[in-house]
Amino acid sequence: MIANTPIRAERIASDIAALAEITEPGRPYTRRAFTPKFLEGRAWLEQAMRGAGAVTQIDVAGNLIGTIPGRHPELGTIMLGSHSDTVPDGGRFDGIAGVIAALEVARALRDQGVVLDHTLEVADFLAEEVSIFGVSCIGSRGITGTRPAEWLARQSDGVTLEGAIGAVGGNAQRLGQRDDIKAFLELHIEQGPVLQEQKLDVGVVTAIAGITRIEIIVEGRADHAGTTPMGSRKDALSTAAWIALGVEELGKALASGTAHFAATVGEFEMTPNAANVVPARVRMLIDARAELREDMERFIDELDKGVVAIAEKTGVTVSVPRLVSDNPPTPCDPDLLDILDQACESAGARHRRMASGAGHDTAWMARITKAAMIFVPCVDGRSHAPDEFATTDDIALGAAVLLDTVRALDAKLQEEN
Ligand SMILES: [Zn+2]
């Protein structure tokens, strides 16, 4: 339990339990964006927002927004939020903890009789997870002017994304880019084991890692596996195996510094994949994530050189690694990080700075405003699975940090004006 805070852990627990009940039958916990269960969850959230004294609306991008007008709305908006949609067979906390923590901040302010000078908004972003349309962060991209126009024609079950945004109450034809948001904060479960391992309460997120995906094709030659002598083969798989081990080694080397780095051979296809045939071809897709752009550039450079060396050694043709996608890291706002550190101190939260290896709505919000996020521990780092778990006290402590930060920002943002 946390002392001296108006944040009430039991309200957070009961909200999370209520949303957990709203799931596809027999598939806990599934509430994918645009589905009837998602809309049911939103209807519940809308009531909860109104109960906290907020005026609710669905914005043009399809986000559910609860607004508590400030005493001086012309100062602009402080926005808190995350997402209520889940992956299929997901957890009760990913995204949801952040929406409920934001809601609890609004309730705690109301309980104390505090009306901020800035307008406060609680946001449930539309479709943060990869949706039935195959794309993610649809709502946060929508209000930051970063949703690609061509996405609107994407279809799922005969419905376009444009139609689906309309069906949840948005209007994809209208430009939703906001210019009144002065700061954005998101609480999220860590989805990794670091905070638990280090017995910490809060991770103050320095940056959301950039994600680069790289495709490599290895072209060997199909031959009879019984008759072709070992010295006369062009085995695509054994060459690909050297590359996979090289990726791991390079990833470990880059991860040994203080900045976050991870590299994974996530997709791997071998043909013909038959017991009696020497493997002819391998396609591999590497997912690499870096807090620092220079680490990613070094990875790409070393990988390029490494595959040339491996191809020379094995005599098998390896394609030049192709960048399928390449997004830079998004640093969080340094001033917000300092305020969050201070808020952790005053709430008595043991904290550290860390990067996020996963993507989040915060990365898009950072395009238009000062943005930052905090992590709270999740048990054994499990996420995107039904056993995902975070304790109510940990979420409540994170909410207390948010509350303190919001109050500090309400004063500080005015000084900056
Ligand atoms: Zn999430």
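Residues numbered from 1 in each chain as written. Predicted model: local features only at pLDDT ≥ 70, side-chain atom pairs only at ≥ 80, totals over all residues.

> Is there a simple way to think about the overall build of the protein chain in this case?
A tally of regular secondary structure across the protein chain gives 11 helices and 16 strands. On the principal axes, the C-alpha backbone points of the protein chain span a range of 85 × 50 × 40 Å. For the protein chain, buried positions account for 48% of its 417 residues. Pairs at least 24 residues apart make up 78% of the contacts formed inside the protein chain by residues separated by at least 6 positions. (Helix = DSSP H or I, 4+ residues; strand = E, 2+ residues; numbered from the N terminus. Buried ≥ 20, exposed ≤ 12 C-beta atoms within 10 Å, placed from the backbone. Contact = placed C-beta atoms within 7 Å.)

> I would appreciate a short explanation of the domain arrangement of the protein chain in the present structure.
Parsing the protein chain into structural domains produces domain 1 (9-208 + 330-416) and domain 2 (210-326). Domain 1 and domain 2 are separated by 37 Å when their C-alpha centres are compared. The partner domain 2 presents 6 residues to the 5 residues of domain 1 that form the contact. Tallied by class, residues from the side of domain 1 that touches domain 2 come to 2 nonpolar, 3 polar and no charged. (Domains from an automatic or database assignment. Nonpolar A, V, L, I, M, F, W, Y, C, P; charged D, E, K, R; others polar.)

> It is not clear to me how the pairing of strand β16 (residues 370-376) should be interpreted in this structure. Could you clarify?
A regular strand places its side chains on the two faces of the sheet in alternate fashion. Counting buried residues along β16, 7 of its 7 residues qualify, which places the element largely inside the surrounding structure. Both faces of β16 are covered, namely the face carrying K370, A372, I374 and V376 and the face carrying A371, M373 and F375. One ladder, built from 7 bridges, connects strand β7 (residues 181-189) with β16; its direction is parallel. Directly across from A183, in β16, lies its bridge partner K370. As judged from the 3 bridges shared by strand β8 (residues 202-208) and β16, these two strands associate in the antiparallel manner. (Pairing = 2+ DSSP bridges.)

> Hey, could you run me through the environment of S14 in this one?
Tracing the backbone through its elements, the reader meets S14 in helix α1 (residues 9-21). Taking the number of C-beta atoms within 10 Å as the measure of exposure, S14 has 13 and is therefore partly exposed. Counting along the chain gives 88 residues from S14 to A102, while the straight-line C-alpha distance between them is 15 Å.

> Explain the nonpolar core to me, please; I cannot follow it from the model alone.
One broad trend across soluble globular proteins is that nonpolar side chains are buried collectively. A97, A101, V105, A106, A399, V401 and L402 are the most contacted members of the largest nonpolar core, which totals 117 residues. The dominant element in this core, judged by the number of residues it contributes, is helix α3 (residues 96-111), at 11 residues. The contacts of A101, once residues within four sequence positions are left out, are I12, L187, I395, G398, A399 and L402. (Core = buried A, V, L, I, M, F, W, Y, C linked by C-beta atoms within 7 Å.)

> I keep staring at the packing of α1 against helix α11 (residues 392-416) and nothing clicks. Help me out?
Any two packed helices are characterised by the angle at which their axes cross and by the distance between the axes. Contact pair α1 / α11: the axes reach a minimum separation of 9 Å and the direction vectors enclose 115 degrees. The hand of the α1/α11 crossing is right-handed. Residue-level contacts link A9, I12 and A13 of α1 to T392, D393, I395, A396 and A399 of α11. In terms of residue class, the contact of α1 with α11 is made up of 6 nonpolar, 1 polar and 1 charged. (Axes fitted to C-alpha atoms, helices over the stretch in contact; angles between N-to-C directions. Left-handed = near helix turned anticlockwise from the far one by under 90°.)

> For this particular structure, what's the right way to read the environment of A240?
Along the chain, A240 turns up in helix α7 (residues 236-255). Between the C-alpha atom of A240 and that of A43, which follows or precedes it by 197 residues, the distance is 50 Å. Setting aside residues no more than four positions away along its own chain, A240 makes contact with V218, V282 and M284.

> Hey, could you run me through α3 in this one?
One turn of the α-helix equals 3.6 residues, which is why residues spaced by three or four share an orientation. End to end, α3 covers 22 Å across 16 residues, agreeing with the expected 22 Å (1.5 Å per residue, within 8%). The buried fraction of α3 amounts to 14 of the 16 residues, a majority that puts the element mostly inside the structure. Trailing α3 by a residue or two, G113 shows a phi angle of about 70 degrees, which is positive. (Expected span 1.5 Å × (residues − 1).)

> Help me out: how do you make sense of the packing of α7 against helix α8 (residues 293-314) in this one?
The geometry of α7 relative to α8 is characterised by a closest axis approach of 10 Å and an angle of 150 degrees between their N-to-C directions. In terms of orientation, α7 and α8 fall into the roughly antiparallel class. As for how α7 packs across α8, the hand of that crossing is right-handed. Between α7 and α8, the residues in contact are S238, T239, W242, I243, G246, L250 and L254 and D295, R298, F299, E302, L303, G306, V307, I310 and T314, respectively. Residue composition of the contact of α7 with α8, by class: 8 nonpolar, 5 polar and 3 charged. (Parallel < 35°, antiparallel > 145°, perpendicular 65-115°, else oblique.)

> So what exactly am I meant to see when it comes to helix α9 (residues 334-347) here?
Spanning 14 residues, α9 covers 20 Å between terminal C-alpha atoms, matching the ideal 20 Å at 1.5 Å per step. Of all the residues in α9, the buried ones are L336, I339, L340, A343, C344 and A347. Seen end-on, α9 carries its buried residues on one side only, within an arc spanning 145 degrees. G348, located one to two residues past α9, shows a positive phi value of around 75 degrees. (Arc of directions from axis to C-beta.)

> I keep staring at the pairing of strand β9 (residues 210-219) and nothing clicks. Help me out?
Where β9 meets strand β11 (residues 281-290), 10 bridges bridge the pair, whose relative direction is antiparallel. Within the sheet, the bridge partner assigned to V218 lies in β11 and is V282. The sheet contact formed by β9 and strand β13 (residues 322-326) spans 4 bridges and is antiparallel. Bridge pairing links R213 to S325 in β13. Inspection of the sheet shows β9 paired to strand β12 (residues 317-318) by 2 bridges, in the antiparallel sense.

> Even after reading the chapter, I still don't get unusual backbone geometry, so can you show me in this structure?
Most peptide bonds adopt trans geometry, and most residues besides glycine take a negative phi value. The peptide bond linking P28 to Y29 adopts the cis configuration, its omega dihedral lying at -5 degrees. Structurally, Y29 is set in the loop between α1 and α2 (36-51). For the bond running from T271 to P272, omega is 0 degrees, close enough to zero to count as cis. Along the chain, the position of P272 falls in the loop between β10 (261-271) and β11. In this structure, Q191 is a non-glycine residue whose phi angle is positive, near 65 degrees. Its identity is not glycine, yet H384 carries a phi of approximately 55 degrees, on the positive side.

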